[in-house]
Amino acid sequence: MNKQTRYWVRRLIFVVLIVMVGYTIYQMSSGGKQPDRGDVAPNFTLTTLDGKKKSLSDLKGKGVMLNFWGTWCEPCKAEMPAMKQVYKKYRDKGFEIVAVNVGESDVAVHSFMKSYDLDFPVWLDPDKDVTRLYRVGPIPSTFFIDEKGIVVRQNMGELNLAQLEVYVNEILPKK
């Protein structure tokens, strides 16, 4: 390679690196971060499967399991029976599930809920706005929020009944 070609290759590599560093800095400064333990859970409003508008702030005073899921997701399907069990056991003790469906139609979600005989609340996020707000990557992703609206725990991946029992007891309202 001659001197002139090396000069331009070096300049091109330098420009590409500058652009990549700039993009990384932009992403880090503008994107926010995923809510973590000790953070106030970001509020949002979605439409429920039964057509009502609900906000996370409506559930202040309750322990909330905020679960992001999809009907096509095998780990999501696997954790649904355990979620049903803890909901039945703890809903009268100040516990609420907000199962946020990520990007699917209400018809698909309704059919899924019926086929699995699930009765906990489902909120629809068709445009994935809340999924982006919470910076959810893989699903299922779950945030456990206490009665004051503080994130106590987050879990990326499937949950089993034993884990749910422990995590739900951490967020039940103290009386």
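Residue indices follow the written sequence of each chain, beginning from 1 at its first position. In keeping with the predicted nature of the model, local features appear solely for residues at pLDDT of at least 70, side-chain atom pairs appear and are counted solely at 80 or more, and the whole-chain, interface and lining totals rest on all residues. Water and hydrogen atoms were dropped before computing side-chain values, which therefore reflect all heavy atoms in the structure.

1. A few points about the overall build of the chain
Of regular secondary structure, the chain possesses five helices and seven strands. In this treatment the radius of gyration is a C-alpha quantity, and the globule benchmark scales as 2.2 Å times the residue count to the 0.38 power. Taken over the C-alpha trace, the chain has a radius of gyration of 21 Å; the compact-globule value for 175 residues is 16 Å, which it surpasses by more than 25%. A principal-axis box enclosing the C-alpha atoms of the chain has dimensions of 75 × 35 × 30 Å. Only protein chains enter the accessibility calculation, which uses a 1.4 Å probe; a residue whose area is less than 20% of its type maximum is buried, one above 50% is exposed, and one in between is partly exposed. Sorting the 175 residues of the chain into buried and exposed places 40% on the buried side. Sequence separation of 24 or more characterises 70% of the internal contacts of the chain that already satisfy a separation of 6 or more. The Shrake-Rupley method, run with a 1.4 Å probe, gives the accessible areas here. Residue values count only the displayed protein chains as cover. Of the roughly 10,200 Å² of accessible surface on the chain, 57% is carried by carbon and sulfur atoms. Averaged over its 25 positive side-chain charges, the chain has a centre that lies 8 Å from the centre of its 20 negative ones. Each helix is a run of H or I in the DSSP string that is no shorter than four residues. Each strand is a run of E no shorter than two, and both are numbered from the N terminus. Residue contacts follow a heavy-atom distance rule, with two residues in contact if any of their heavy atoms lie within 4.5 Å. Note on charges: Lys and Arg go in the positive column, Asp and Glu in the negative column, and His and the chain ends are not counted at all. Charge placement uses NZ in Lys and CZ in Arg. For Asp and Glu, CG and CD serve respectively.

2. Here we look at the state of the cysteines
By convention in this document, the label disulfide applies to cysteine sulfur atom pairs within 2.5 Å. The full count for this structure, using the stated rule, is one disulfide. Here Cys73 pairs with Cys76 through a disulfide, and the sulfurs are 2.4 Å apart. When the S-S torsion is 80 degrees, as for the bridge of Cys73 with Cys76, the disulfide is right-handed. Since its relative accessible area comes to 0%, Cys76 is described here as buried.

3. Structural notes on helix H5 (residues 161-171)
Among the residues making up H5, those that are buried are Leu164, Tyr167, Val168 and Ile171. Projected down its long axis, H5 shows its buried positions confined to an angular sector of 100 degrees, all on one face. Against strand E3 (63-69), helix H2 (74-90), strand E4 (95-102), strand E6 (141-145) and strand E7 (151-156) lie the buried residues of H5. Between the side-chain oxygen at the start of H5 and the backbone nitrogen of Ala162 there is a gap of 3.1 Å, and the oxygen is on Asn160. Here, the arc refers to the directions that run from the helix axis to the C-beta atoms. For the purposes of these results, a polar contact is taken to be a pair of N or O atoms within 3.5 Å, where, inside protein, one atom must be able to donate a hydrogen and its partner to accept one; residues adjacent in sequence count only when each atom of the pair is a side-chain atom.

4. Some details on the nonpolar core
With 47 residues, the main nonpolar core has Leu66, Phe68, Trp69, Phe95, Phe120 and Tyr134 as its most contacted residues. Every element with two or more residues in this core is listed here: E3, H2, E4, helix H3 (106-115), strand E5 (122-125), E6, E7 and H5. Here this core gets seven residues from one element, more than from any other, and that element is H2. Ignoring sequence-local partners within four residues, the contact set of Phe95 consists of Gly63, Met65, Val86, Tyr87, Tyr90, Val168, Ile171 and Leu172. Side-chain atoms within 4.5 Å link the members of a nonpolar core, which is a set of buried Ala, Val, Leu, Ile, Met, Phe, Trp, Tyr and Cys residues.

5. Some remarks on a nonpolar patch on the surface
On the surface, Met1, Val9, Leu12, Ile13, Val16, Leu17 and Met20 cluster together into a nonpolar patch covering about 700 Å² of accessible area. Looking at the secondary structure, you find Ile13 in helix H1 (residues 3-30). For patch building, the residue pool is restricted to those with more than 30% relative accessible area and no salt bridge; the joining distance is 9 Å between like charges and 5 Å between nonpolar side chains (Val, Leu, Ile, Met, Phe, Trp, Tyr). Just to be clear on terms, a salt bridge is a Lys or Arg side-chain nitrogen sitting within 4 Å of an Asp or Glu carboxyl oxygen.

6. A look at unusual backbone geometry
Cis geometry is adopted by the peptide bond preceding Pro140, which originates at Ile139 and carries an omega value of 0 degrees. Tracing the chain through its elements places Pro140 in the loop between helix H4 (129-133) and E6. Notably, Lys128 is not glycine yet its phi reads approximately 60 degrees, a positive angle. Its location among the elements puts Lys128 in the loop between E5 and H4. At Arg135, a residue that is not glycine, the phi angle is positive and equals roughly 55 degrees. Within the element layout of this structure, Arg135 appears in the loop between H4 and E6. A residue is classified by how much of its surface remains accessible, and Arg135, at 41% relative accessible area, is partly exposed.

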